[in-house]
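Summary of structural features
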Amino acid sequence: MAVVQASDATIREAAKLLNEGRLVAFPTETVYGLGADAGNARAVAAIFEAKGRPRFNPLIVHVANLAQAETLAHMTRSGRRLAAAFWPGPLTLVLARREGAPISDLVTAGLDTVALRVPDHPVARALLEAVGRPLAAPSANRSGHLSPTQARHVAADLGASVDMILDGGPTAHGLESTVLDATGETIAMLRPGALPADVIESVLEAKIVRAARAGSRPLSPGQLESHYAPRARLRLEARDARPGEALLAFGGDAPPATGPAFNLSPAGDLIEAAANLFAALRALDATGVETIAVMPIPEQGLGEAINDRLRRAAAPG
Ligand code: TXA
Ligand code: MG
């Protein structure tokens, strides 16, 4: 599928396609999403089809604002506080789904909760305005693959199954949103993401809990063990690259590279590293190496989400 530059005209065209039940990939501040009208069961089914996604893995619903979110879900006190602090932005709230909420049961995989977020990207926001209804949008990649941070990643991974790909340039955060279960007063982190836990805790003035891993049908299926995976194997906590390996480096002490190499952030900046992560993994994967050696990344702040993605990418598929 051709990639089109996002503009007023192409966003209007994209909105028309979505209202007709077609699929449109669009940029958000985290990663590119594969959007469909959340109220159209056939359109939502086409998302699962295009991604090869298991039907038990529910989708995030993107809304224009808090008011639209409240038409779909019951806000809790803590949910409201988080929404006020972080929407629009890279935070997804799982809330109790409202009776009769106009979204397909496929979106929520039959759960009585729904995951909602208000994205903070001018193209995503203009598109939501133009469509006038909630959009189901998982990351625009084949299930289990790396999330796309550039329009061309979407084209390479999903190609013909998408009706339009809106290009809004590389995404700012490069990691998916943080997913929180906000149905109760204790907030549980279902997926670490672009909004670090300590930032959330400082607004809540309370600790959040890390959701325990479930099995193959996890509470939040983003917790599936193998995910976000390149073709190459990953060797984590590497101090250097062995002969034949590519090197994914971080910080100023990177060893000299003998093969393909990418430094996520020579300055040791986690924000920069997150933004580069998926594109770097793709680029090193494309060199055809069997193994990518990955230097350690500190576990603080955004490092939690970066390490989460690296561990999943390293898990045997
Ligand atoms: O940054 C993002 O969140 C991107 C952009 C496009 O917005 N979207 C994204 O969607 O990453 P997806 O579908 O790839 O990941 C959604 C995550 C999955 O881990 C899913 O299991 C979880 O949210 N999820 C969705 N609905 C849920 C629910 N009702 N309860 C628990 N987890 C849910
Ligand atoms: Mg995804």
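Each chain carries its own residue numbering, running from 1 in the written order of its sequence. Written order determines the labels here, with chains lettered from A and ligands numbered from 1. A pLDDT threshold of at least 70 governs which residues receive local features in this predicted model, and a stricter bar of 80 or more applies before side-chain atom pairs are shown or counted, although totals over entire chains, interfaces and linings include all residues. As a rule here, side-chain values come from all non-hydrogen atoms in the structure, and water together with hydrogens is ignored.

Within the secondary structure layout, Ala160 lies in the loop between α6 (151–158) and β9 (164–167). The exposed category is assigned to Ala160, whose relative accessible area is 76%. When the C-alpha atoms of Ala160 and Ala36 are compared, they prove to be 16 Å apart, with 124 residues separating the residues in sequence. Helix numbers and strand numbers start at the N terminus; a helix is a DSSP run of H or I with at least 4 residues, a strand a run of E with at least 2. Only protein chains enter the accessibility calculation, which uses a 1.4 Å probe. A residue is then buried if its area is under 20% of the maximum for its type, exposed if over 50%, and partly exposed in between.

Looking now at the packing of helix α4 (residues 77–86) against helix α7 (residues 197–204). Here the axes come from fitting lines to C-alpha atoms, over the contacting stretch only for helices, and the angles between their N-to-C directions go from 0 to 180 degrees. Where α4 meets α7, the closest approach of the two axes is 10 Å, and the angle between their N-to-C directions is 115°. Where α4 crosses over α7, the handedness of that crossing is right-handed. Contact residues: Ser78, Arg81, Leu82, Ala85 and Phe86 in α4; Val199, Ile200, Val203 and Leu204 in α7. All residues other than Ala, Val, Leu, Ile, Met, Phe, Trp, Tyr, Cys, Pro, Asp, Glu, Lys and Arg, Gly among them, are scored as polar; the first ten of these are nonpolar and the last four charged. For the contact of α4 with α7, the class distribution of residues is seven nonpolar, one polar and one charged. By convention, the crossing between two helices is left-handed when the near helix turns anticlockwise from the far helix through less than a right angle, and right-handed when the turn is clockwise. By definition in these notes, contact holds between two residues if any of their heavy atoms fall within 4.5 Å.

As a further point, take helix α9 (residues 303–314). Residue count minus one, scaled by 1.5 Å, sets the expected span of a helix. If you check α9, its first and last C-alpha atoms are 16 Å apart, about what twelve residues at 1.5 Å a residue would give, namely 16 Å. Across the twelve residues that make up α9, a large majority, ten, are buried. The complete set of buried residues in α9 reads Gly303, Glu304, Ala305, Ile306, Asn307, Asp308, Arg309, Leu310, Arg312 and Ala313.

This part is about the pairing of strand β10 (residues 178–181). DSSP bridges decide pairing: two strands pair if at least two such bridges lie between them. Where strand β6 (residues 91–97) and β10 come together, four bridges link them in parallel fashion. Across the sheet, the residue bridging to Leu93 is Leu180, located in β10. In the sheet, β10 pairs with strand β11 (residues 188–191) via three bridges, with the strands oriented antiparallel. Across the sheet, residue Asp181 finds its bridge partner in β11, namely Ala188. The antiparallel hairpin formed by β10 and β11 contains six residues in its connecting segment.

What follows is about the nonpolar core. Generally speaking, nonpolar side chains in soluble globular proteins are found buried as a group. Residues belong to one nonpolar core when they are buried, are Ala, Val, Leu, Ile, Met, Phe, Trp, Tyr or Cys, and are joined through side-chain atoms within 4.5 Å. Membership of the largest hydrophobic core comes to 47 residues, with the highest contact counts inside it found for Leu93 and Leu116. Those elements that provide at least two residues to this core are β3 (33–37), α2 (41–51), α4, β6, β7 (113–117), α6 and α7. When residues in this core are grouped by element, the largest group, five residues, is from α2. When near neighbours in sequence (up to four residues on either side) are disregarded, Leu116 contacts Val61, Val63, Ala69, Leu72, Ala73, Trp87, Leu91, Thr92, Leu93 and Leu95.

Moving on, we come to the pattern of salt bridges. The term salt bridge refers to a pairing of a side-chain nitrogen on Lys or Arg with a carboxyl oxygen on Asp or Glu at a separation within 4 Å. Overall, the coordinates contain 17 salt bridges when judged by the stated rule. The residue Lys16 makes a salt bridge to Glu20 at a minimum N-O spacing of 3.5 Å. The partner of Arg210 in a salt bridge is Glu304, with the nearest N and O atoms 2.8 Å apart. In this pair, Arg210 sits in strand β12 (residues 209–210) while Glu304 sits in helix α9, placing the two residues 94 residues apart along the sequence. Here the salt bridges do not stand alone but share partners, grouping Glu176, Asp308, Arg309 and Arg312 into one network.

This paragraph deals with the confidence of the model for the protein. pLDDT measures how confident the predictor is about each residue, on a scale from 0 to 100. Taken as a whole, the protein shows an average pLDDT of 93; of its residues, 95% reach a score of 70 or greater. In the predicted structure, residues 213–218 sits below a pLDDT of 50 and forms nine contacts with residues beyond four places in sequence or in another chain.

Turning our attention to the pairing of β6. The element β6 is extensively covered by neighbouring structure, given that six of its seven residues are classed as buried. Inspection of the sheet shows strand β5 (residues 73–74) paired to β6 by two bridges, in the antiparallel sense. Within β6, the residue paired with Ala73 across the bridge is Arg97. Two elements, β6 and β7, share four bridges in a ladder whose sense is antiparallel. Within β7, the residue paired with Leu95 across the bridge is Val114.

Quick look at unusual backbone geometry now. Pro88 follows Trp87 through a cis peptide bond whose omega is -5°. Take Pro88: it is sitting in the loop between α4 and β6. Positive phi values are uncommon outside glycine, yet Glu205 reaches one of about 55°. Its location among the elements puts Glu205 in the loop between α7 and β12. The residue Glu237 is not glycine, and still its phi comes out positive at about 55°. Its place among the elements puts Glu237 in the loop between β13 (233–235) and β14 (246–249). Owing to a relative accessible area of 56%, Glu237 belongs among the exposed residues under this scheme.

Quick look at the environment of Ala130 now. Mapped onto the fold, Ala130 is located in helix α5 (residues 122–131). Residue classification places Ala130 among the partly exposed positions, given a relative accessible area of 38%. Taking the C-alpha atoms as reference points, Ala130 and Glu185, 55 residues apart in sequence, are found 34 Å from one another.

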